[in-house]
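Structural features, examined
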Amino acid sequence: ATVRLVVVGGLPAAGKSELCRKFISQPHDENHVMFHVEFDRVEFELRRQKRTGQSLEMSLVVEQLTQNLLAHHTLPEPDDCGEFSVETWHQSRVLAEHLILQLASLHPNHITTIFCDDNMTYPSMRIKLFHLAQQIAAGFVIVWVNCDENERISRNLSRLAHAVVPQQSFDRMTAHCIPPNPNARPFETNTIFCSFDSDISQLMARVAELGAVKAAKPDFSQQERDRELTKANVIHQADIALRALIHSTVSLQPQSRKSEIAKLLNEIRKDVLDQFKQSSIKVSHEDVISTFVLSVNRQHPLLRLKFESES
């Protein structure tokens, strides 16, 4: 079987999903199947299920999403997906990875191209999918979509209400995004920089060319040992950084609210750290910090925390 894992990344409203739909609609041979896995819609589906009181096992959700993709090659747009939560966001990332593994195994006698549509603003997000490509001996390609900021703002505001990225999150991702750098990060060697209106036929040909080379399969035993050795240290260092961020935030608050805000932020800190401790995915310092900031800004936007990347 030939599997190509194609990360389609870029800032919010750059045109990633539009480009993926163009890829999917391109004429292709009968022995070539393509899927568009939009990470936002995976999350929206989990949020919708929680809002409606459903409690499905992950395997059942994967099967449900797989059937949608087999029928339509992309996931449906939800009508009302409910409220954002950090827990659901993390669950959706794990679910998306399981979904990708399922799709990769469906057609052993075909070429399978899976377009993974997400902002992927940090290298730590992209390398997780590179490791997934290694695991299934798939080709790995990054398509990075660039777009003028004013156009992105306009495109974001034209979305359906549930899909609009809040302005604060939009600005944060714009300020702190770390695009692919093939010269600095070898796993990003197969990167194509483009815009949503680039020539789709040429892009498709380039994806096929770069995706023909399989990502080298890792030594899983060594990888597991390395993960266990580093995970505790990463979480510990992130905890120190979070405590410092909380201290500086509380110091700016009115005296009458300092105790209340410190308690609130520390509860979120503990929840975020617990989620990463229990997670089976690779943990990075920036993942922990950015998740904490995202959670605080979603739940308490008046605090307006900022994520300062060290990368």
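Quick note: structure is the one above.
Now for a quick tour of the structure. (Residues numbered from 1 in each chain as written. Predicted model: local features only at pLDDT ≥ 70, side-chain atom pairs only at ≥ 80, totals over all residues. Heavy atoms only, no water.)

1. Concerning the pairing of strand E1 (residues 2–9)
Inclusion rule: Each residue is assigned to one of three classes by its accessible area relative to the maximum for its type, calculated with a 1.4 Å probe on protein chains only: buried under 20%, partly exposed between the two thresholds, exposed over 50%. Labels follow the DSSP assignment, with helices taken as runs of H or I lasting at least four residues and strands as runs of E lasting at least two, numbered in each case from the N terminus. Here a strand pair is declared whenever DSSP counts at least two bridges between the two strands.
Of all eight residues in E1, seven are buried, a share of seventy percent or more. Sheet topology places E1 next to strand E3 (residues 111–117); seven bridges connect them, and they run parallel. Residue pairing for E3: leucine 5 is matched across the bridge by isoleucine 114. Sheet analysis places E1 next to strand E4 (residues 139–145), joined by six bridges and oriented parallel. Looking across to E4, one finds that valine 6 is bridged to valine 141.

2. Some points on the environment of serine 290
Applied cut-off: By the criterion applied in these results, polar contacts are pairs of N or O atoms within 3.5 Å in which, for protein atoms, one can donate a hydrogen and the other can accept it, and in which residues neighboring in sequence qualify only through two side-chain atoms.
Inspection of the secondary structure puts serine 290 in helix H11 (residues 285–299). Residue classification places serine 290 among the buried positions, given a relative accessible area of 7%. Residues serine 290 and arginine 172, spaced 118 residues apart in sequence, show a C-alpha to C-alpha distance of 10.0 Å. Within polar-contact distance, the side chain of serine 290 engages the backbone oxygen of glutamate 286 at 2.7 Å.

3. Some words on the pattern of salt bridges
What counts here: Salt bridges are defined as contacts in which a side-chain nitrogen from Lys or Arg sits within 4 Å of a carboxyl oxygen from Asp or Glu.
Enumeration over the complete set of coordinates arrives at 13 salt bridges. For lysine 128, the salt bridge identified is with aspartate 287, shortest N-O distance 2.9 Å. Residue lysine 128 is located in helix H5 (residues 123–135), and its partner aspartate 287 is located in helix H11; the two are separated by 159 residues in the primary sequence. A single burial state applies to lysine 128 and to aspartate 287, both of which are buried. The residue glutamate 188 makes a salt bridge to arginine 185 at a minimum N-O spacing of 2.8 Å. Each member of the pair glutamate 188 and arginine 185 is classed as buried. Each of Glu18, Lys22 and Arg155 takes part in one network of salt bridges that share partners.

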